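Examining the three-dimensional arrangement
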Amino acid sequence: MGLLQKFKEKFQAKKVEIEETKKTNLEPEAEELLLYDKGLAKTRREFVSELSLLGKKFHRVNEEYYDELESLLIKADIGVNTVFKFMDRLRDRVRHENIAETSYLNEVIVDELFTIYVEGENLTDKINLASTGPTVILMVGVNGVGKTTTIGKLAHKYREEGKKVMLIAGDTFRAGAVPQLEEWAKRTNSLFYGKENTDPAGVIFDGLVKAKAEDVDIVLIDTAGRLQNKVNLMNELEKINKVIGRHIPDAPHETLLVIDASTGQNGISQAEAFKEITNITGIVLTKLDGSAKGGIVLAIKETVGLPVKFIGLGEGLTDLRPFDIEEYIYGLFKDMI
Ligand SMILES: Nc1nc2c(ncn2[C@@H]2O[C@H](COP(=O)(O)OP(=O)(O)O)[C@@H](O)[C@H]2O)c(=O)[nH]1
Ligand SMILES: [Mg+2]
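Parameters at a glance
Residues numbered from 1 in each chain as written. Chains lettered and ligands numbered in written order. Predicted model: local features only at pLDDT ≥ 70, side-chain atom pairs only at ≥ 80, totals over all residues. Helix = DSSP H or I, 4+ residues; strand = E, 2+ residues; numbered from the N terminus. Expected span 1.5 Å × (residues − 1). Buried ≥ 20, exposed ≤ 12 C-beta atoms within 10 Å, placed from the backbone. Near = placed C-beta within 6 Å. Nonpolar A, V, L, I, M, F, W, Y, C, P; charged D, E, K, R; others polar. pLDDT = per-residue confidence, 0-100. Pairing = 2+ DSSP bridges. Axes fitted to C-alpha atoms, helices over the stretch in contact; angles between N-to-C directions. Contact = placed C-beta atoms within 7 Å. Domains from an automatic or database assignment. Core = buried A, V, L, I, M, F, W, Y, C linked by C-beta atoms within 7 Å.

Quick look at unusual backbone geometry now. With omega at 0°, the peptide bond leading from Ala 251 into Pro 252 counts as cis. Mapped onto the elements, Pro 252 comes out in the loop between helix H10 (230-247) and strand E5 (254-260). Not every positive phi belongs to a glycine, and Asn 197 is a case in point at roughly 50°. Assignment of secondary structure puts Asn 197 in the loop between strand E3 (191-194) and helix H9 (200-213).

So this is what it looks like as structure tokens:
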């Protein structure tokens, strides 16, 4: 059975629930689907409806159809190499399965896109939590991508789970960055440690002393993202990592790179650069809600080899969701289901 068919069975009931209850009092799982539905609306409108139009324009699979499909996928920021690989596999399947009409291809397209992402891996990528003592999550990424906001949203998530959370401001030299994080600490009722215009590693050192003394469960550390000077940033992150490791063995438990989805291929280049600078364990993809570049999730996996752990689907506290490929594919292709 193809994936589109499988999703049809899996999500049909919830889709009906979302539509019938007029979006209030939904069960948590349907609520989650609705967030993906809304957050990916822009990508869906541009990508999926164009895909349907393509199917109407070409009834039969031919070279012209392939060319237009290829340019459509490249426009969706799936990544050129990923698209080429995808097109090869699609052509193979069309040949093997003797598919002549484009109307039979939707199922195959969804299947193959999904396969690119999951190839040999778990469907969801969980955050690695410490078995004892504080879990340390380090947030990196260039200015403006949403690091501080994401820390606020993560703090909210862990507070809701009843955890003791502390935010440490390691972006010490950028005007306004420390008070911005402090504001998130207040909003989420988390502990805070920060000091402006001073060495970030020193601040993190003092913050961790406090975190251990207060028996904190989750420590979220903000950092500066001056990618213009790679060597400096590498040295700074190395120093920060040493300080963290000295306080808490095996920490940081996660180093999450935050990428703004609306920057498309530029975000991919950032991921490649940061991967050379420090050990990244996962990606947070923000601003998917305002962007038609939802295809970037597939490109990151394929070209950078890092899992997307969270996605940002809006500016609110609850708009950060754990990445779930099935819900993501539902959000993209729900009009075909
Ligand atoms: N629409 C939308 N806006 C976001 C999202 N995440 C962050 N932002 C906005 O992006 C801007 C920059 O965020 P900030 O956390 O200050 O970025 P930082 O410089 O990396 O710390 C702010 O206006 C945020 O509200 C998201 O998922 N969706
Ligand atoms: Mg910031």
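Moving on to the environment of Lys 210. With respect to the helices and strands, the residue Lys 210 is situated in helix H9. Residues Lys 210 and Leu 191, spaced 19 residues apart in sequence, show a C-alpha to C-alpha distance of 9.5 Å.

Taking 1.5 Å of rise per residue, 14 residues should cover 20 Å, and helix H7 (residues 147-160) covers 20 Å from first to last C-alpha, within 8% of that figure. Of all 14 residues in H7, 12 are buried; the element is thus mostly enclosed. Of the positions making up H7, those classed as buried are Lys 147, Thr 148, Thr 149, Thr 150, Ile 151, Gly 152, Lys 153, Leu 154, Ala 155, His 156, Lys 157 and Tyr 158. In the segment just after H7, Gly 162 is the residue with positive phi, at about 85°.

What follows is about the environment of Glu 27. Mapped onto the elements, Glu 27 comes out in the loop between helix H1 (3-20) and helix H2 (28-39). Distance from Glu 27 to Gly 305, taken between C-alpha atoms, is 34 Å for residues 278 residues apart in sequence.

What follows is about the site of ligand 1. Near ligand 1 there are 17 residues, and of these Gly 146, Lys 147, Thr 148, Thr 149 and Gly 312 occur at the shortest range. The greatest single-element share of the shell around ligand 1, amounting to 3 residues, is contributed by H7. Taken together, the residues of the shell around ligand 1 break down into 2 nonpolar, 10 polar and 5 charged.

Below, the discussion takes up the confidence of the model for the protein chain. Of all residues in the protein chain, 96% attain a pLDDT of 70 or more, and the chain-wide mean is 88. Per-element averaging of pLDDT across the protein chain places H1 at the bottom with 73 and E3 at the top with 98.

Take the environment of Asn 106 next. Mapping Asn 106 onto the fold places it in helix H6 (residues 105-118). Along the chain, Asn 106 and Gly 162 lie 56 residues apart, while their C-alpha atoms are 44 Å from each other.

This paragraph deals with H6. Look at H6: 20 Å from first C-alpha to last across 14 residues, which is about the 20 Å you get at 1.5 Å a residue. Every buried residue belonging to H6 is among Leu 105, Ile 109, Val 110, Leu 113 and Phe 114, and all of these are buried.

Okay, the sheet that holds strand E2 (residues 165-170) next. Here 8 strands make up an open sheet; going across it, the order is E3-E2-E4-E1-E5-E6-E7-E8 and the pairing mixed. Lying at the two open borders of the sheet, with one neighbouring strand each, are E3 and strand E8 (320-322). Taken over all neighbouring pairs, the strand axes of this sheet differ in orientation by 20° on average, direction set aside. Strand contacts of H7: strand E1 (135-140), E2, strand E4 (218-223), E5, strand E6 (282-286), strand E7 (308-312) and E8, with the helix running at about 175° to E4, the strand carrying the most contacts.

Here the focus is the domain arrangement of the protein chain. The accessible area lost on association of the parts is a frequent measure of interface size. Domain assignment breaks the protein chain into domain 1 (3-118) and domain 2 (135-324). Using only C-alpha atoms to locate each centre, domain 1 and domain 2 end up separated by 31 Å. Of the residues lining the interface, 18 residues belong to domain 1; the matching set on domain 2 comes to 20 residues. Only H2, helix H3 (41-57), helix H5 (80-96) and H6 provide two or more residues apiece to the side of domain 1 that touches domain 2. Among the residues forming the side of domain 1 that touches domain 2, the class breakdown is 8 nonpolar, 5 polar and 5 charged.

This part covers the nonpolar core. The biggest cluster of nonpolar side chains holds 87 residues, and the ones touching the most others in it are Leu 167, Val 219, Leu 220 and Leu 285. Looking at this core, you find at least three residues from each of domain 1 (3-118) and domain 2 (135-324). When sequence neighbours within four positions are dropped, the list of residues in contact with Leu 167 reads Ile 151, Ala 155, Leu 181, Trp 184, Ala 185, Ser 190, Phe 192 and Leu 220.

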